[in-house]
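Listed below, chain by chain, are the residues.
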Amino acid sequence: MSLLLTTVEPDIPRIYTALAEWAACLVFILLFKRRDRAGGWRFAAISAGFLILQSVFLVATGGARMIWWHIFMLAAFLLMFAFIFICADRSATDCLILTFLSFQSAEFAASFAWQLFGTGNIFHVLPLPAQVCLILMIYALLFSLLYYICTRIIRGRSYPELRPKDAAFCGLLVLLTFTLSNISFMLSAGPLAVEGIGALHYVRTIIDLCGLCALFFYLIHLHEQAVREEMLEMEHVLRLQYSQYRNYQESIDLINRKYHDLKHEIAGLRAETDPAAREAWISAMEKELQEYRPETDTGNPVLNTIIAGKEGRMNRSGITFTCVCDGQLIEVLSVRDICTLFGNALDNAIEAAALVEDPSRRFIHLTVSRKKDFVMIQMRNTCADAPAFEDGMPVSAKDSSFHGFGVKSIRQTARKYGGEAAFSCSDGMFCVSVLLPLSIQTTCNS
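To keep things clear, this report deals only with the structure shown in the data block.

Two elements in contact, helix α1 (residues 14-30) and helix α6 (residues 128-153), have axes separated by 10 Å at closest approach and are oriented at 25 degrees. Viewed along their axes, α1 and α6 adopt a mutual orientation that is roughly parallel. Along this stretch, α1 crosses α6, giving a crossing that reads as right-handed. On the side of α1, the interface is formed by Y16, T17, L19, A20, A23, A24, V27, F28 and L30, while α6 contributes Q131, V132, I135, L136, Y139, F143, L146, Y147 and C150. Taken together, the residues of the contact of α1 with α6 sort by class into 16 nonpolar, two polar and no charged.

What follows covers the nonpolar core. The nonpolar side chains of a soluble globular protein tend to be buried with one another. Ranked by size, the top nonpolar core spans 56 residues in total, and within it F28, F83, L101, Y139, F143, I154 and F216 carry the most contacts. Going through the elements one at a time, α1, α2 (41-60), α3 (66-87), α4 (92-118), α6, α7 (164-186) and α8 (197-269) are the ones with two or more residues in this core. In contact with L101, not counting residues within four places along its chain, are F28, I154, L212, L215, F216 and L219. Judged by nonpolar contacts, the second largest core, of 39 residues, contains L341, V407, A421 and V432.

Turning next to the packing of aromatic side chains. Under the counting rule described, the total for this entry stands at 10 aromatic pairs. Ring plane angle 85 degrees and centroid distance 6.0 Å describe the contact between F57 and F72, whose orientation is recorded as edge-to-face. Taken together, the residues span a long stretch of sequence, with F57 in helix α2 and F72 in helix α3 at a distance of 15 residues. Ring geometry for Y139 against F143: centres 5.8 Å apart, planes inclined by 70 degrees, an arrangement best described as edge-to-face. Here Y139 and its partner F143 are both found in helix α6, four residues apart, which amounts to about one turn of the helix. Here the two residues Y139 and F143 agree in accessibility, since each one is buried. Here the aromatic cluster, defined as three or more aromatic residues joined through ring pairs, consists of F77, F100, F103 and F178.

On the surface, a cluster of nonpolar side chains totalling about 340 Å² of accessible area is made up of I67, W68 and I71. Inspection of the secondary structure assignment puts I67 in helix α3.

Relative to the assigned elements, T99 resides in helix α4. Side-chain polar atoms of T99 contact the backbone oxygen of C95, separated by 2.6 Å. Discounting chain neighbours no more than four positions away, the residues touching T99 are F77, M80, F81 and I84.

What counts and how
- Residues numbered from 1 in each chain as written.
- Predicted model: local features only at pLDDT ≥ 70, side-chain atom pairs only at ≥ 80, totals over all residues.
- Heavy atoms only, no water.
- Axes fitted to C-alpha atoms, helices over the stretch in contact; angles between N-to-C directions.
- Helix = DSSP H or I, 4+ residues; strand = E, 2+ residues; numbered from the N terminus.
- Parallel < 35°, antiparallel > 145°, perpendicular 65-115°, else oblique.
- Left-handed = near helix turned anticlockwise from the far one by under 90°.
- Contact = heavy atoms within 4.5 Å.
- Nonpolar A, V, L, I, M, F, W, Y, C, P; charged D, E, K, R; others polar.
- Core = buried A, V, L, I, M, F, W, Y, C linked by side-chain atoms within 4.5 Å.
- Buried < 20%, exposed > 50% of the residue type's maximum accessible area, 1.4 Å probe, protein only.
- Phe/Tyr/Trp six-rings, centres within 6.5 Å; stacked < 30°, edge-to-face > 60°.
- Patch = residues over 30% accessible without salt bridge, like charges linked within 9 Å, V, L, I, M, F, W, Y side chains within 5 Å.
- Areas by Shrake-Rupley, 256 points an atom, 1.4 Å probe, with all protein chains shown as cover.
- Salt bridge = Lys/Arg side-chain N within 4 Å of Asp/Glu carboxyl O.
- Polar contact = N/O pair within 3.5 Å; in protein donor to acceptor, adjacent residues only side chain to side chain.

See the structure below:
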């Protein structure tokens, strides 16, 4: 049996398709921060302009033959991409993937709405204003649900930097879905042909829904992959901090043993017969002991060790370090978590303060104190340049001192104990604040 290629004439009015495409783009634009040039009334004007442009274009190109229909659909897709790229503060690759999501969402919404209302006799006997209100109502419900789903799947989740191959995979998936969902409209006979407009839209709706789910599942996969990679990096940071702590502890133990031995040597030297030589020897050894003696005592041996291990770097960088800590308030924290909180915070503070040009302005101040029913840990340091912030976290850059995984591990550790971490920067001063409940109860294994 030969296959007859017919004029492509979907039963969905083109104006409803244009509305669905515009609304889908708007949903994904609203998920992200808008570009500066698309703020306030400009965004409203741009949105209205693209709604008119999309509607006029699709209505004007309705009823085209198949070869032109494919070209016009590609042009409509490019209009959607332009709308998202102009308004959403995202990279071109991100905007392309968002356009694929918008296109697939619009295809499903238009097919679903028309299947519910357009293929029945009740819809067609209604006056035009009632038809428009009915379609707009179902669009409002569908795209509100889409926005809610996207806030759970896309917004606030960690994703790796999306690459062109990710966009290519999404594009291939959308192209395959679009072809399968519309092939019955293009074929009037054959094994893939479907009789009846109701059956056509039923098949199209199911296929479009499957394609949309596949896109979301792919994004979830990318998120889970990013989480795994982030956890591995954070685990590496934790191991590094703990390893540094063990090295510092061994060094301090060695110094303490030396300190203990030298005290006995001093007692023996006092028996030296030559008073001048004896006193010179004793004075030299006491001076040496004084240099080795730990200067910072927070009341917590783990915190003492961490600070002692960082003091060498601070001294070499000309950083003044001050500390007012009640170390007993953090005794319930595990050694590993103390290393994570204070080790990462000190590392970032040292690197930031060292970049300040004026040596007299290089300082770090650490406090651990009680604030009502909470333990307040705060570290303040001078910095040369204020970092950018995203979702309350300093954004990591290749030449930045604020390492992404360090601050993330600080926040994760705080939340582990039912607390919270906050980061801020003003007037050349960066501040890390960690608030923990006074009756700390860990919610996961240390």
